[in-house]
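Next come the chains, spelled out residue by residue.
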Amino acid sequence: MKSIKTFVAIAALSVMSFGAFAQTISVTASTLDGAEAQIAAQAKQAGAAYNITEAYVGNQVHMTANLSK
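Residues numbered from 1 in each chain as written. Predicted model: local features only at pLDDT ≥ 70, side-chain atom pairs only at ≥ 80, totals over all residues. Heavy atoms only, no water.

Brief notes about the nonpolar core
As a rule of thumb, soluble globular proteins bury nonpolar side chains together. Residues Ile-25, Val-27, Ala-29, Ala-35, Ile-39, Ala-43, Ala-48, Val-61, Met-63, Ala-65 and Leu-67 constitute the largest nonpolar core, which totals eleven residues. Residue assignment for this core shows that the elements contributing at least two residues are β1 (22–29), α2 (32–46) and β3 (61–68). If you tally residues by element for this core, the top one is β3, at four residues. (Core = buried A, V, L, I, M, F, W, Y, C linked by side-chain atoms within 4.5 Å. Buried < 20%, exposed > 50% of the residue type's maximum accessible area, 1.4 Å probe, protein only. Helix = DSSP H or I, 4+ residues; strand = E, 2+ residues; numbered from the N terminus.)

Put into structure tokens, the structure is as follows:
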């Protein structure tokens, strides 16, 4: 029983620490380069790397990225 409680506590702490370092951001711009520049600026301000996960081009560009430290 004690080992189960320990496992649950470790699992909860690992999920909490992952959530503290991951963040999703979305931006809107008129061009792909403009949207990526906004994401890069936000990542730099947060001291994080970014990975673009989605980009939609219509009348404007909507881009989503994950930030990770």
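Next comes the rest of the write-up.
So, the pairing of strand β2 (residues 49–57)
As paired strands, β2 and β3 are joined by eight bridges and run antiparallel to one another. Its bridge partner being in β3, Tyr-50 is matched across the sheet by Leu-67. Between β2 and the antiparallel strand that follows it, β3, lie three residues. (Pairing = 2+ DSSP bridges.)

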